[in-house]
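# Observations on the three-dimensional arrangement
One letter stands for each residue in the lines below.
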Amino acid sequence: MITVYFRHIYPFDGPIYGPALEDVLGAEPDIEFHQGEEPCPDFADRTSYLIGWRLKRHDKTSWPHLKAVMGLAAGIDAYKDHPAFPEQARLVRMIDPALANQMAEYVCAYALRFHRSMEQQEAEIRAGGWREKFTVPPTADKTSIGIMGLGEMGTQTALMLRGIGFQVRGWSRSRKDIEGVATFAGADAFQDFLSGTDILVCLLPLTLETENIINRECLSFLPRGACLIHAGRGQQLVEQDLLDALDSGHIRAAALDVFREEPIPENHPFRNHASIFCTPHMAAITRPESGARAILQAIRDLERGESPAGLVDFSKGY
Ligand code: NDP
Ligand code: OXD
């Protein structure tokens with residue numbers, strides 16, 4: 001028997017994810033699936049796979065036979081360097097095309113808004129105006145969108161943006177070959193990548209190299225009037241540098257889904273800034289049904305001795 005436990009961390013875990021995991025994992029004849037806030041000690045003792053969003057302090061010793069922690073998120077920040085990560089276990093993060101597709105939709109939504117300057121026109125209307133300046137909107141191929149991070153999220157986003165007709169470029173650690181997308185790799189190519197980007201999209205994982213990467217210098221390499229769409233991690237953005245770049249007019253607008261502190265504090269300057277559009281870390285949220293199927297697939301891969309798509313290599317840092 002393969003033993004799997006889904007530990008509820010948040011109030012929505014039971015109602016949103018519980019039924020789908022029960023349907024998918026509970027239906028497998030060779031899987032014993034349980035869920036709740038904490039298993040009984042006997043089940044914890046036998047558990048091979050622990051599903052959840054993050055760890056608890058006692059996890060280092062509570063699961064003596066754990067083979068893998070199955071993260072419900074794509075990012076691994078909740079687990080990386082966590083002192084309670086059970087030593088013998090591996091980590092599998094969420095890889096699901098439906099998740100990447102959601103991210104692509106989020107980015108396309110803001111890319112289209114910024115490309116058509118909708119935020120400026122809406123502000124004009126709020127201020128009592130009407131077509132203050134008559135302009136013919138540019139075609140999408142005149143706007144270049146640059147994506148930092150060409151992994152699961154970034155690649156799907158690049159393809160959807162390309163489908164709309166935007167000029168698309170992407171930057172990653174290793175060189176990628178994506179038809180119709182201009183690709184750049186490594187720190188040496190960063191400035192080149194940025195200098196031809198009208199709308200910068202950050203879909204990078206948080207690592208020592210990417211922390212504070214969206215800073216004064218990075219923003220200064222973008223052409224004047226560029227926009228930012230940030231859905232990586234809050235710690236990648238130096239907040240004051242963005243505020244200064246918006247004040248000076250160098251950056252026109254920013255859509256932010258992730259923040260250094262979540263929820264954003266009540267009096268945070270981002271909350272009421274006319275050129276910053278915030279969403280509450282919802283750019284891409286694991287879907288219960290496809291997420292549960294992805295977890296089952298990963299468990300099957302591990303049981304066969306194969307590496308599942310989301311198996312994390314901690315030495316890489318993401
Ligand atoms: P992947 O690991 O699949 O892709 C990461 C990409 O970033 C890769 O292309 C990688 O390069 C690149 N990269 C990493 N470090 C560097 C670096 N120092 N310089 C240049 N490129 C770098 O991750 P995902 O696409 O699945 O997810 C990315 C991040 O998106 C997550 O870690 C998470 O933080 C965020 N996310 C946010 C969500 C939200 O709702 N806001 C939802 C889901 C994810 P290479 O290909 O060469 O390895
Ligand atoms: C994720 C996230 O990493 O929600 O999946 O940010």
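Residues numbered from 1 in each chain as written. Chains lettered and ligands numbered in written order. Predicted model: local features only at pLDDT ≥ 70, side-chain atom pairs only at ≥ 80, totals over all residues. Heavy atoms only, no water.

Here we take up the site of ligand 1. Residues in contact with ligand 1 amount to 28 residues; listed here are only the nearest, R93, M153, S174, K176 and Y318. Measuring from an oxygen atom of ligand 1, one finds a side-chain N or O atom of R233 at 3.3 Å. For ligand 1, whose accessible area on its own is 940 Å², the fraction buried by protein is 92%. In the shell around ligand 1, the residues fall into 13 nonpolar, eight polar and seven charged. (Near = heavy atom within 4 Å. Polar contact = N/O pair within 3.5 Å; in protein donor to acceptor, adjacent residues only side chain to side chain. Areas by Shrake-Rupley, 256 points an atom, 1.4 Å probe, with all protein chains shown as cover. Nonpolar A, V, L, I, M, F, W, Y, C, P; charged D, E, K, R; others polar.)

Axis separation between helix α1 (residues 13–25) and helix α10 (residues 288–303) bottoms out at 8 Å; the angle between their running directions is 45°. With respect to α10, the element α1 is oriented oblique. Along this stretch, α1 crosses α10, giving a crossing that reads as right-handed. Contact with α1, carried on its side by I16, Y17, A20, L21, V24 and L25, involves P288, E289, A292, R293, I295, L296 and I299 of α10 and no other residues of that element. For the contact of α1 with α10, the residue count by class is eleven nonpolar, no polar and two charged. (Axes fitted to C-alpha atoms, helices over the stretch in contact; angles between N-to-C directions. Helix = DSSP H or I, 4+ residues; strand = E, 2+ residues; numbered from the N terminus. Parallel < 35°, antiparallel > 145°, perpendicular 65-115°, else oblique. Left-handed = near helix turned anticlockwise from the far one by under 90°. Contact = heavy atoms within 4.5 Å.)

The two faces of the sheet receive side chains in turn, since in a regular strand these alternate between them. In terms of burial, strand β6 (residues 144–148) is largely enclosed, as five of its five residues are buried. Neither face of β6 is exposed, since S144, G146 and M148 on one face and I145 and I147 on the opposite face are all buried. Relative to strand β7 (residues 167–172), β6 is paired through five bridges, and the arrangement is parallel. Note that in β7 the partner of I145 across the bridge is V168. Note that the unit made of β6, helix α6 (residues 152–164) and β7 has a crossover that is right-handed. Bridging between β6 and strand β9 (residues 199–202) involves four bridges; their strand directions are parallel. Its bridge partner being in β9, G146 is matched across the sheet by L200. (Buried < 20%, exposed > 50% of the residue type's maximum accessible area, 1.4 Å probe, protein only. Pairing = 2+ DSSP bridges. Right-handed = clockwise from strand over helix to strand, strands pointing away.)

Pairing is parallel across the open sheet formed by seven strands, whose spatial order is β8-β7-β6-β9-β10-β11-β12. What marks the edges here is a single partner per strand, and that holds for β8 (181–185) and β12 (276–278). Averaged over all pairs of adjacent strands, the angle between strand axes in this sheet comes to 15°, irrespective of strand direction. Sheet topology places strand β11 (residues 251–256) next to β12; three bridges connect them, and they run parallel. Bridge pairing links L256 to C278 in β12.

Checked against the element boundaries, A20 lands in helix α1. What makes A20 buried here is its relative accessible area of 6%. Along the primary structure A20 and A104 are separated by 84 residues, whereas in three dimensions their C-alpha atoms are 24 Å apart. When sequence neighbours within four positions are dropped, the list of residues in contact with A20 reads P288, E289 and A292.

Now for the layout of surface pockets. Size it by volume and the second largest pocket reaches roughly 540 Å³. In terms of lining, the second largest pocket is formed by 17 residues, of which the most central are R116, Q121, E124, K133 and T135. When residues of the lining of the second largest pocket are assigned to their parent elements, the largest contribution, five residues, is made by helix α5 (residues 118–126). Considered class by class, the residues forming the lining of the second largest pocket number seven nonpolar, six polar and four charged. (1 Å grid on protein atoms, 1.4 Å probe; cavity = no way out; pocket = protein on both sides within 12 Å on 5 of 7 lines; lining within 4 Å. Points joined across faces, edges and corners; volume = space filled by probe spheres on them.)

The subject of this paragraph is empty space enclosed by the protein. All told, the structure shown has one cavity of 30 Å³ or more when counted by the stated rule. Put simply, the largest cavity is a space of about 30 Å³. As for the largest cavity, its lining consists of Y17, A20, L21, L72, T286, R287, P288, G291 and A292. Those elements that provide at least two residues to the lining of the largest cavity are α1 and α10. Looking at the lining of the largest cavity, its residues break down into six nonpolar, two polar and one charged.

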